[in-house]
Number of protein chains: 2
Amino acid sequence: MEYKQRTVTCGELQISDVGRKVVLNGWVHRNRNHGGIHFINLRDRYGITQIVISDTASEEVQNTAASLHAEYCIAVEGIVQARPDSMVNQEMATGEIEVEASSLQILSTCEPVPFMVDEESDAKEDTRLRYRFLDLRSFGMQKRIKLRHDFVRAIREFLSQRDFYEIETPTLLKSTPEGARDFLVPSRLYPGKFYALPQSPQLLKQILMVSGFDKYFQIARCYRDEDARGDRQLEFTQLDMEMSFVSRDDVLLIIEQLFHYVFKKVMNYETEEHFTRLSWYDAVNTYGVDKPDLRYDLPLRDFNELALLSTFSTFKDVISNGGCVKVIKAPKTDLVAYSRKYITSLEEAAKVYKAKGLAWMKVNDEGHLDGGVSKFFKDVEDKVLQYTDAQPGEMLLLVADEWKTVCASLGAVRIKLAKDLQLIDPDKFAFCWIIDFPLFEFNEERGHWEAAHHMFSMPQSQYLDTLESDPGSVKGDLYDLVLNGYEVASGSIRIHDIELQKRIFRICNIPDEVSQQRFGFLLNAFKYGPPPHGGIAPGIDRMVMIMAGETSIKEVIAFPKNTAAVSPMDDSPSYVDKEQLDELHLIIKEEPKKDK
Amino acid sequence: MEYKQRTVTCGELQISDVGRKVVLNGWVHRNRNHGGIHFINLRDRYGITQIVISDTASEEVQNTAASLHAEYCIAVEGIVQARPDSMVNQEMATGEIEVEASSLQILSTCEPVPFMVDEESDAKEDTRLRYRFLDLRSFGMQKRIKLRHDFVRAIREFLSQRDFYEIETPTLLKSTPEGARDFLVPSRLYPGKFYALPQSPQLLKQILMVSGFDKYFQIARCYRDEDARGDRQLEFTQLDMEMSFVSRDDVLLIIEQLFHYVFKKVMNYETEEHFTRLSWYDAVNTYGVDKPDLRYDLPLRDFNELALLSTFSTFKDVISNGGCVKVIKAPKTDLVAYSRKYITSLEEAAKVYKAKGLAWMKVNDEGHLDGGVSKFFKDVEDKVLQYTDAQPGEMLLLVADEWKTVCASLGAVRIKLAKDLQLIDPDKFAFCWIIDFPLFEFNEERGHWEAAHHMFSMPQSQYLDTLESDPGSVKGDLYDLVLNGYEVASGSIRIHDIELQKRIFRICNIPDEVSQQRFGFLLNAFKYGPPPHGGIAPGIDRMVMIMAGETSIKEVIAFPKNTAAVSPMDDSPSYVDKEQLDELHLIIKEEPKKDK
């Protein structure tokens, strides 16, 4: 196909270009006809340029202009001219000029579009995904995909400068299911055998440390065949990192430096030099969650002492039964009224996390406790006001229950308050480290201990003697990185000792013969001089989502699956030919219903 | 585990560091005991440092030193000291110093190794792969993995500077089998349905062009479930690229600039500014293959005219039946004798490509044609000598047959001569472009035309009217990049017109309903203003292999499969739990033999 190839893009022409003969290629973004004069906004990745077809243009050009519709792909040749003063658009990079077309060629046509590119649209997610090629033309998607490119590029730059090697690891390997399910890939050559897609390169990056690579990273595709819940994808991308001969603090430091560099480079944003560190206990105790959003404070505070001084037997009973009472102070606001209805909405948030109720007291204009459970605190009003520093218009919200329940439910109240009261600075990026995690948690359903994080994390040395006798108290050399209330990375110092690794497996109810069968290749490598090592794995999708100010990772992935794990664009997953199944030695168990 | 963390690596200590107290962490590379003094070569990724444990060291340190074996991982503290003059090793970066150990800690032990790291070893491939973590510790593997890192890094740098975005495409998508087999991934949520791993992101990168991304690249993992033949892997990596609004020459130019930049940066090697371009016909006609090694010349030359003047009826008959005769001139050499035995070995190479025989004539010391078929050329000796410029000690090798057979068989002779006569400069990188490929080739077995490259490549415009009537003569806008005789990249200008795309499908025996079912999502995208576009996809594994001077891509992949598509390290593929199969609604057709 012969056509005039562009000499400039749609984002670059300036007033200094007036008089130049140029060719542009791009898409018809908008077109209008004002009294016989056609104005076309021609769009490409670089911007928009206004094309004018005046009534003095050739008949052919005028006819072509009249036949254009949205999203036609065209080639335009013409002369750059200054816009009349009244038409100058200062908000547009090319807003001082327009191109008077002398030739116009349609490179391809476009059927009527299901939604206009770049217009606010109420198109449903599946429509957007089915026509993803149109959706991706919007400046929003283009900008986010570029942000992702810039983000990953800056990460690679930084780590390469610091002597990390990026090393590709295989994605067809052995199935080592634990927790999330493996995707299996049937082998054609070996009937009944399967490869598996990795949930992460965890074992391989540890083996790379055994191999002496010292500092490794990879922007790695990972796979989890989990039920669709929330904002998950079957495949996702993480920055996988591992280092030899390091302590926890070495890993934390390199990540702080990494994201300081990257946020400066990509967003021109100065992160703190060092990120706040909270122990897992302090995070939960103070913010109710192990991934606190530190863009605002609103801490949970202990209220046991004052509760015991009150006349409120409900609170006192909880405490005497080993529970506790905590308080959160809702600041004065014009955005919501602290009405019975609003308090009920807060209580509902608390009840999701099993609180039996949410107690409250307001401070009235006279500075006295008022309403709710205030009557029980009449005698200790001064102490309450002093302890909480509560001012007129503020409100105290209290939950009494087991510690875990109190924290979780008041943590939910904290988050709801921050949203409703607009306490969140959307331009802020608040990182923090959560450290000193419990190594194990008890799985009530299965009746045994499990790794809270994963089974390859090192217990802190002071617990080595009591691993088996008191798993619940063991803290690990684990660390999570939290950004704006999202867990964005998880890591640990790893075990590199076979015997210790086997003890962990056994505590997690994996006997030696099973661990040998599943993880034998790691255990085998550990026989050959493994170095002490540790690492971390920030999630790329989620971090870019946060940086872009979005709330779904689908907004930063070019071709995501929908929440039903389907790609509406290509209709995968789909049925395959019987021949293909025969070659793989497979039979489908239940004949699939063809009307599905 | 408490240990002394390194303050320096094993590659950095210099004479100027003498007197410093340092800690090193690394592996016991070699250890010797000379009259009670232990010398340990301590190795890490950065180099080797000699550790000395003298007989004045503490008993504990001496005992530890005596207990060390190869590949133990240790921490050493000590003082840097100058080596005695007689012990200085100029070939070692740290050869002027040694570290006198004051403390020595074993971080992990190592079982007896199946092969010594870095020693020439006749360990079989499967042993190397089973103990890949040891194999990867060798400086050779470390260097090649670093080369790969540097290569890919330089590619990303260059393309990012040129406004390409790196965009990740999904690896779980629709199965679109053609040629190579798709790996299938059973869906757990949708019984009987499958995702497929992509053979390349071909369709998605074309859709990214429809999406307006203009310039795209990705270092992309690709999958082909082909039978193991030669040096193939189930998964491999390519630099996937695509650009909108470009001509063939735009793509060729950016690749020339890319590899000029990359080879300079990574190897300090100056590639030619522009690569030689050969049409497919000229490449085959002159070098016998469509991927000629241009590090040496040795061209095939037409010999029809002289053959017709000879008295050799065999040659004349071939020509009169539409065949041809070609000659290659073997230069004078000391490396092999042009004996009957050697000529027979050349003939065997020719016969692999179906030549019925290899005719020959030598030029003797008197400058006359001698031996072989020379008797038939007595009358035209002068003309033969003049045409071929054959000198004493040189030899003419001839094949008469169909053009294809002549080219292929003499091409094989050319390659064997170059190897045997050491005509190849191992330090040279000779790129060339092969252009003007046939678009279709006839599949005798299946009885229909097929795409020679792939079905999305644009026919050259002069053939648009005769696609169906004469597919065999159609040339496409295709291009291969060849480096040192290997095809390292393949690309084309793509079709972006639905009707033309369907014509190609039909010629390749794919009726509309089948193409719609398989490629409907691309055809659908083409309804919405697709831009003209084209691209290319250099193979990363193969290019790094060539740059590293290796002959197998396994040497530049951290964890490759063996030729039987198995990973001896983790034993994948492997059997999985019945539970896992049940969840995927799968039954294995034949009960696998458990003793396999």
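Cut-offs used in this document
Residues numbered from 1 in each chain as written. Chains lettered and ligands numbered in written order. Predicted model: local features only at pLDDT ≥ 70, side-chain atom pairs only at ≥ 80, totals over all residues. Heavy atoms only, no water. Helix = DSSP H or I, 4+ residues; strand = E, 2+ residues; numbered from the N terminus. Buried < 20%, exposed > 50% of the residue type's maximum accessible area, 1.4 Å probe, protein only. Contact = heavy atoms within 4.5 Å. Areas by Shrake-Rupley, 256 points an atom, 1.4 Å probe, with all protein chains shown as cover. Lys, Arg positive; Asp, Glu negative; His and termini not counted. Charge placed at Lys NZ, Arg CZ, Asp CG, Glu CD. Phe/Tyr/Trp six-rings, centres within 6.5 Å; stacked < 30°, edge-to-face > 60°. Lys NZ or Arg CZ within 6 Å of the ring centre and 35° of its normal. Pairing = 2+ DSSP bridges. Axes fitted to C-alpha atoms, helices over the stretch in contact; angles between N-to-C directions. Least-squares fit on C-alpha atoms with pLDDT ≥ 70 in both. Buried area = accessible area lost by both parts, 1.4 Å probe. Salt bridge = Lys/Arg side-chain N within 4 Å of Asp/Glu carboxyl O. Polar contact = N/O pair within 3.5 Å; in protein donor to acceptor, adjacent residues only side chain to side chain. Nonpolar A, V, L, I, M, F, W, Y, C, P; charged D, E, K, R; others polar.

S.K.: Can you break down the overall build of chain A residue by residue, with the values?
M.R.: When you go through chain A residue by residue, the secondary structure sums to 16 helices and 23 strands. The dimensions of chain A, computed from C-alpha atoms along their principal axes, are 90 × 75 × 55 Å. Looking at chain A as a whole, 58% of its 596 residues are labelled buried. For chain A, restricting intrachain contacts to residue pairs at least 6 apart in sequence, the fraction spanning at least 24 positions comes to 68%. Counting every atom, chain A has about 24,900 Å² of accessible surface; 47% of that belongs to carbon and sulfur. In chain A, which carries 72 positive and 93 negative side-chain charges, the distance between the mean positions of the two groups comes to 2 Å.

S.K.: Outline the packing of aromatic side chains, listing residues and values.
M.R.: Per the counting criterion, the structure on display carries 58 aromatic pairs over all chains. Between Tyr 131 of chain A and Tyr 528 of chain B, the ring centres sit 5.7 Å apart and the planes meet at 75°, which makes this aromatic pair edge-to-face. In this pair, Tyr 131 of chain A is assigned in the loop between α2 (125-130) and α3 (132-135) and Tyr 528 of chain B in the loop between α14 (512-525) and β22 (533-536), connecting two distinct chains. One aromatic cluster in this structure is built from Phe 151, Phe 259, Phe 263, Tyr 269, Phe 275, Phe 429, Phe 431, Trp 433 and Tyr 479 of chain A. The ring of Tyr 387 of chain A has Arg 301 of chain A sitting right over it, with the charged end atom 4.1 Å from the ring centre.

S.K.: Go over the sheet that holds strand β6 (residues 165-166) of chain A with me, naming the residues and quoting the values.
M.R.: Residue and element names in this part refer to chain A. Strand order in the open sheet formed by 8 strands is β6-β9-β10-β22-β21-β20-β17-β11, and the pairing between neighbours is mixed. Of all the strands in the sheet, just β6 and β11 (276-279) have a single pairing partner and so form its edges. Summarising the sheet, β11 and strand β17 (residues 431-435) pair through 4 bridges and their orientation is parallel. Residue Ser 279 lies in a different strand from β17, and its bridge partner there is Ile 435. The sheet contacts of helix α4 (residues 139-161) involve β6, β9 (215-223) and β10 (235-244), and relative to β9 the element is tilted by about 150°.

S.K.: Describe the relation of the copies chain A and chain B, and please don't skip the residues or the numbers.
M.R.: Its rotation angle being 180°, the transformation that places chain A on chain B also includes 0.0 Å of axial translation and leaves an RMSD of 0.1 Å. The symmetry that links the two subunits is that of a two-fold axis. When the interface residues of chain A are mapped onto chain B, 100% of them are again interface residues, pointing to one common binding face.

S.K.: Outline the interface of chain A and chain B, supporting the account with residue identities and numerical values.
M.R.: Opposite the 130 residues of chain A that make contact, chain B presents 130 residues. Between chain A and chain B the total buried area reaches about 11,900 Å² when both faces are included, carbon and sulfur atoms providing 56% of it. A per-residue breakdown of the area chain A buries against chain B is headed by Arg 45, Phe 245 and Tyr 528 of chain A, which together make up 7% of the total. Counting every contact that joins chain A to chain B gives 14 salt bridges. Residues Arg 181 of chain A and Glu 583 of chain B are paired through a salt bridge, measuring 2.8 Å at the closest nitrogen-oxygen approach. The interface formed by chain A and chain B contains 71 residue pairs in polar contact (both at pLDDT 80 or more). Residues of the side of chain A that touches chain B, tallied by class, amount to 65 nonpolar, 28 polar and 37 charged. Across 3 bridges, the pairing between strand β23 (residues 586-588) of chain A and strand β23 (residues 586-588) of chain B is antiparallel.

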